[in-house]
Amino acid sequence: MQEQFLAASSPTVSLAIFEIGAVFILLGMLSFLSLKLHISNIPLFLLAGLSLGKGGIVPLELSEEFLNIGAEIGAILLLLVLGFEYSAKELAVTMRSKWQAGVLDLVVNSVPAAVLALVLGYGPLGALAFAGIMFVSSSGIASQLIRETGWSRSVVAKRTTSILVFEDIMLAPYLPLLAALTLGLSFFAGMASVAVALAVTAAVFVLGYGREIPGLRSLANQGPGVLLLLVFGVTLLAAGGASLAGFSGAIAAFLVGLLLTGEVAESLRSRFAPLRELFSAIFFMFFGLSISALDVVAVLPIALAFAAVGIIGKFVVGWWIAKDMADPMSWKRVGAFLSARGEFSMIIAGAVALNVTMPNIREITLAIVVITAIFSTIAMRAFRSKFDH
């Protein structure tokens, strides 16, 4: 035991702890800078990761396993917090009322991206991966922009959220199928994974539709620490078990968040709010650390092509769902909110990155996220109107 403690206190470990502490100070400074510049902090986190990763300005000596685990835990906790934002009842109502806009979103964003991937020589699996990367908007960035612009209670925000909800739910069957095909499993094995994913999602909807899990409210009243520890533990357990079963751990975390409704969800949302930035920073920073900055520069033209196609697709969706609104700027604001890609796009890229036929997909996706996030922020400044929000 003493030998293990001494090993843990070795100069190498101490230096790593010192470097990680310095990194978090840097992330705090970048968050402050993003507030002053009125931009999303996610591109800054990614760029900081690139500068400190392989081939960066000041590369950190961290193991690949440590980086992968850090990014995975960051993604799981970030998606858990996103799940608190919705309820199963709200999602069900949205899926019934906005399914046409969701289908349009799927067609105008996935199909062009898949065609572009085929033209670039990525093959059927690459086409499927890029279709998902460009289909799903960043719920984290969109929510942040909605809060910062003061449109949280507006009709524009509600319609934007309806599309984000549709996209997040559609990923439940998509990610297991993509994972199965990436691993070289048969189509039937992939469909079996999809069936399991749909069954789990349906069960969550049934359990969480308009009711609270028995005993949770009394448990929450026992003390904040008890509930926080249990939610953390259940989330990591569900995510790990889901990954072992071929289901997405991030989606599992999102579904755990959906199960927690009512007063319990409100309580958790307020307690997790300060941690949301931390989870976001961990995920995007660790993703950037695992990628070489030089490789990202090499694929910038490809990323720009995907970003342009994706931005146009989101503005088409924005026009469709806001064309009846009195303010002529409304559809443009919806398009700007939806344009940013983020956490799910990077999860998809990470899921297929180990396949030898997918060269530089993580680098391309990182560049897409930075480009679209910056565009969304700039576009929101441009699309002002005389109407009250």
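Residues numbered from 1 in each chain as written. Predicted model: local features only at pLDDT ≥ 70, side-chain atom pairs only at ≥ 80, totals over all residues. Heavy atoms only, no water.

### Some remarks on the overall build of the chain
And step 1. Counting its regular elements, the chain contains 19 helices and 0 strands.
And step 2. Within the chain, buried positions represent 52% of all 389 residues.
And step 3. Sequence-distant contacts, at least 24 apart, represent 82% of the contacts inside the chain between residues at least 6 apart.
And step 4. Carbon and sulfur atoms form 72% of the exposed surface of the chain, whose accessible area is close to 17,500 Å². (Helix = DSSP H or I, 4+ residues; strand = E, 2+ residues; numbered from the N terminus. Buried < 20%, exposed > 50% of the residue type's maximum accessible area, 1.4 Å probe, protein only. Contact = heavy atoms within 4.5 Å. Areas by Shrake-Rupley, 256 points an atom, 1.4 Å probe, with all protein chains shown as cover.)

### Observations regarding the pattern of salt bridges
And step 1. Inspection of the entire model under this criterion finds 3 salt bridges.
And step 2. Asp105 is paired through a salt bridge with Lys314; the nearest N and O atoms lie 2.9 Å apart. A residue pair is termed long-range when its members are at least 10 positions apart, and Asp105 in helix 6 (residues 99-119) and Lys314 in helix 16 (residues 300-322) qualify at 209 residues. Like Asp105, the residue Lys314 is buried in the burial classification. (Salt bridge = Lys/Arg side-chain N within 4 Å of Asp/Glu carboxyl O.)

### Examining the nonpolar core
For soluble globular proteins, nonpolar side chains are generally found buried alongside one another.
And step 1. Ranked by internal contacts, the top residues of the largest apolar core, which has 103 residues, are Leu79 and Phe306.
And step 2. Here this core takes 11 residues from helix 9 (residues 155-182), the largest share from any one element.
And step 3. Once you skip the residues sitting within four places of it in the chain, Leu79 turns out to touch Ala250, Ala253, Phe254, Glu343, Phe344 and Ile347. (Core = buried A, V, L, I, M, F, W, Y, C linked by side-chain atoms within 4.5 Å.)

### Here's the deal with the environment of Thr372
And step 1. Note that Thr372 resides in helix 19 (residues 361-382).
And step 2. Residues Thr372 and Phe306, spaced 66 residues apart in sequence, show a C-alpha to C-alpha distance of 9.9 Å.
And step 3. There is a polar contact of 3.3 Å between the side chain of Thr372 and the backbone oxygen of Val369. (Polar contact = N/O pair within 3.5 Å; in protein donor to acceptor, adjacent residues only side chain to side chain.)

### Thoughts on the packing of aromatic side chains
And step 1. Evaluation of the coordinates by the stated rule reveals 5 aromatic pairs.
And step 2. Arranged with centres 4.3 Å apart and planes meeting at 10 degrees, the rings of Phe130 and Phe306 form a pair that is stacked. One end of the pair, Phe130, is in helix 7 (residues 123-135); the other, Phe306, is in helix 16, with 176 residues separating them in the sequence. Accessibility assignment for this pair places Phe130 and Phe306 in one class, buried.
And step 3. Taking the centre distance of 6.1 Å and the plane angle of 75 degrees together, the rings of Phe315 and Phe375 count as edge-to-face. Taken together, the residues span a long stretch of sequence, with Phe315 in helix 16 and Phe375 in helix 19 at a distance of 60 residues.
And step 4. One aromatic cluster in this structure is built from Tyr122, Phe130 and Phe306.
And step 5. Here the guanidinium or amino end of Lys323 rests over the ring plane of Trp320, the centre of that ring lying 3.9 Å away. (Phe/Tyr/Trp six-rings, centres within 6.5 Å; stacked < 30°, edge-to-face > 60°. Lys NZ or Arg CZ within 6 Å of the ring centre and 35° of its normal.)

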